Amino acid sequence: MKQFAKILKFELAGYLKNKIFVGVTVFAVIAIAAVMFFPRFAQIFPSDDTTDATQALSVMLVKTDRLEQADMIDQIFSTAFTGYEVRVTSEETDWVKNEITSGNAECAVVMTGPTSYTYYVNNLSMYDMNTEIINEVLLNIYRMNAMIGNGMSAEEAEQIMSVQIESEVTSLGKDQMQNFFYTYIMVFALYMVILLYGQMVATNVASEKSSRAMELLVTSTNPISMMFGKVIASCLAGLFQLLALFGSAVVFYHLNKSEWGGNMMIQSIFNIPVDLLIFMLVFFILGFFIYAFLYGAIGSTASKLEDINTSVLPITFLFIIAFFVVIFSMASGDVDNMAMKVCSYIPFTSPMAMFTRIAMSTVAWYEIVISIGILIGSVIGVGVLSAKIYRVGVLLYGTTPKISSIIKAVWKT
Amino acid sequence: MILELKNIEKSFGEKQVLRDVSLKAEGGKAFGLLGRNGAGKTTSIRILMNVFPANSGEVLFDGKPINYNKVQIGYLPEERGLYPKKPIVDQLVYFAELKGMRHNDAVKAVDDWLERLGMIEYRNKRLDTLSKGNQQKIQLITALAHDPHIVILDEPFSGLDPVNAMLLKDVVKEQIAKGKIVLFSSHQMAYIEEFCDSIAIINAGKVVLQGDLRDIKRNYVRDRLVVSTEMPEKIKADFGNACSEAENGSLVIQLASAADKQRVMKRLVEEYDIDEVKVFEPSLNDIFVEYAGNRE
């Protein structure tokens, strides 16, 4: 236990004295500060609205043969496409095409009937939603015309067309609109920290091995103290870094709260319920441990630092798959699908899957207890196993040993 | 203090590395562990240090199974290595603390040793800024700072210049004088001969020779004579195939049996111009080559 404390202290000092570690943390805090103070800066340099107005709008040509409706068409299109200068024309289609290719107009709607048209554009952008709007506009014109044709006055028709539906949503469980952003941020933080620090643990072990400092370490300490000391030290360093980032974000947010006032997304991020933060901490620590132990064990089997990147790939893949299952489930809105349910009990995926379900859906308390129980048991098991692999692995030099020979050697000790 | 390895067997997978290895080292004396590369020296040392357990056999300290919490061991591994990027004093104190020293004691012991080895000026430097020989001295401190009962030195002299080798010799002699068990492993026979009272030669996982170095030499069959002479050609001609020339120019005469020694010596002195004649005593090198050379 005394040795464990010494190792923990030494390893932790290694992180906190590391110039890169400190540098990255400081840089990230500055970046967060820059984002959070952005509205204030934006006020100091107000955007020049007058220049925007004088800038020529892109031209949208609307070709129609029904010139008697030109005014109405112009008006409706102009309302629907505020970003365009709408010009109604009755020229030939070839002329319209020419206007677009020569750059005089950006796009054109050539009406071929009351409910059909051709949309011309030079380069079709991925985000071009114009046709959808045009469909809507033409549908409205068609319906208006139909209503007026049936003897309704234009005002009456317009009133019918512009009727608004009022609605109200009351969520009895979790509100996914509200918690999507902060869940996403927390899952992503979990993902980044575990991946980064896992690699750091693996590199740390492998560099001790390649510098032969291992020779002294294995003869001075027991591998359990060594492994747990290293992993817990890196976990503390990771927590420290997260705390610095999230802490500074919260502080800077409160300094600029009035500036951000109206932004719903930012507001939801900073309104994380306390119980969720506690779950985040629990799943972060346990998830971190289970992966860091694996990374440490892998690090001990590599004989050269260069081998680390390929050796850790299986674990990294496992973790990335878990991440994508969670992210896709979040995006689909159904975080309680079968894959997520299974994943929330598998120790390697449960930190992210269970956490997401708790954050975005309603999970029974016993499900959470079972998931955390399995996770704690697995962390201890994986920890002891990795310490054994470490003891066997660190003394094997030369080529990276096969998994089967490591399992055999571990089995025998 | 007596350290014993008794009937140690060890195999890694299918490969048997140690077969019935028994060794005995006493306090106040240096013990030389010899063997070719891969003979099983490092494995024996690792079992002794409890890095991994033996398949069978035991490690005894003063007749009882060794208690690693009480008996302190200092180790200078053959594969040298510390943290290259960390300040020297930090890592030395860390290793001393891992061996159970309190922080302040560790700092003091480390500073004393840095002073003693003339390295105090490098105290706060990073290890990789030092030359290889100086790094080796730093490594030596990790083996000695916690004042261990047993000191294990694996190839301690490799890479040291003559001045540093002298410094190390003094340190080793001091450790022996303090009554510690000093265990040497080396291929440099001259150093082993200089320090070690008793030796063991391991070959292919078996102890093939063990005992007091002087006894071993004395028990060697005394059936060869070394002759320094001004007239080697005549002696060579007279003794024929029994006479051969050694590398340093003196002659070696192989006797038919050790009993002829007296008679042949007398004849040599009477009949030839002889500077010196003595019974051939094998050097440790000769003994090593004979026992570890080509036996399986």
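Residue positions are counted from 1 within each chain, in the order its sequence is given. In the order they appear in the text, chains get letters beginning with A and ligands get numbers beginning with 1. Local features are withheld for residues below a pLDDT of 70 in this predicted model, meaning they are given only at 70 or higher, and side-chain atom pairs are given and counted only at 80 or more; totals for whole chains, interfaces and linings count all residues. Heavy atoms from the whole structure form the basis of all side-chain values; hydrogens and water molecules are not counted.

(A) Seen up close, the overall build of chain A. The way it works is that DSSP assigns letters per residue, a run of H or I at least four long becomes a helix, a run of E at least two long becomes a strand, and they are numbered from the N terminus. The helix and strand tally for chain A stands at 20 helices and four strands. Computed over C-alpha atoms, the radius of gyration of chain A comes to 31 Å, more than 25% over the 22 Å expected from 2.2 N^0.38 for 413 residues, which places it beyond the range of a compact globule. C-alpha atoms of chain A, sized along the principal axes, occupy 95 × 50 × 50 Å. Relative to its full complement of 413 residues, chain A shows a buried share of 41%. Throughout, a residue-residue contact means that at least one pair of heavy atoms, one from each residue, lies within 4.5 Å. Here the contacts in chain A between residues at least 6 apart in sequence split such that 74% fall between residues at least 24 apart. The accessible surface values rely on the Shrake-Rupley method and a 1.4 Å probe; as for residues, cover is taken only from the protein chains in view. Of the roughly 22400 Å² that chain A leaves accessible, carbon and sulfur atoms contribute 65%. Side-chain charges in chain A split into 24 positive and 32 negative, and the spacing between the mean points of these groups amounts to 31 Å. Computation of the radius of gyration draws on C-alpha atoms alone. For the globule rule, the value is 2.2 Å times the number of residues to the power 0.38. Here the term buried applies to any residue with accessible area under 20% of the maximum for its type, exposed to any over 50%, and partly exposed to those in between, with areas from a 1.4 Å probe on protein chains only. Think of it this way: Lys and Arg go in the positive column, Asp and Glu in the negative one, and His and the chain ends go nowhere. Every charge is mapped onto a representative atom, which is NZ of Lys, CZ of Arg, CG of Asp or CD of Glu.

(B) Spotlight on the confidence of the model for chain B. Put simply, chain B has an average pLDDT of 88, and 99% of its residues get 70 or more. For this predicted complex, the interface confidence comes out at an ipTM of 0.77, alongside a pTM of 0.75. Looking at any residue, its pLDDT shows the predictor's confidence there, from 0 to 100.

(C) Local environment of the sheet that holds strand S3 (residues 107-113) of chain A. All names here are of chain A. By this definition, two strands are paired if DSSP reports at least two bridges between them. Strands sit in the order S2-S1-S3-S4 across an open sheet of four strands; the sheet is mixed. Each edge of the open sheet is held by one strand with a lone partner, namely strand S2 (84-89) and strand S4 (116-121). In this sheet, neighbouring strand axes are inclined to one another by 20° on average, regardless of whether the strands run parallel or antiparallel. A fitted line through C-alpha atoms serves as each axis, taken over the contacting stretch for helices, and the angle formed by two N-to-C directions is quoted from 0 to 180°. Against the sheet, helix H5 (residues 70-80) contacts strand S1 (58-63), S2 and S3, and its axis sits at roughly 160° relative to S2. In this fold helix H7 (residues 130-149) packs onto S1, S2, S3 and S4, with an angle of close to 150° to the strand it touches most, S4.

(D) Examining the sheet that holds strand S11 (residues 224-229) of chain B more closely. Residue and element names in this part refer to chain B. The four strands are arranged S12-S13-S11-S14 in an open sheet whose pairing can be described as antiparallel. Because the sheet does not close on itself, it has two edges, and the strands there are strand S12 (243-245) and strand S14 (274-279). With strand direction ignored, the average angle separating the axes of adjacent strands in the sheet is 25°. As paired elements, S11 and S14 share five bridges and run antiparallel to each other.

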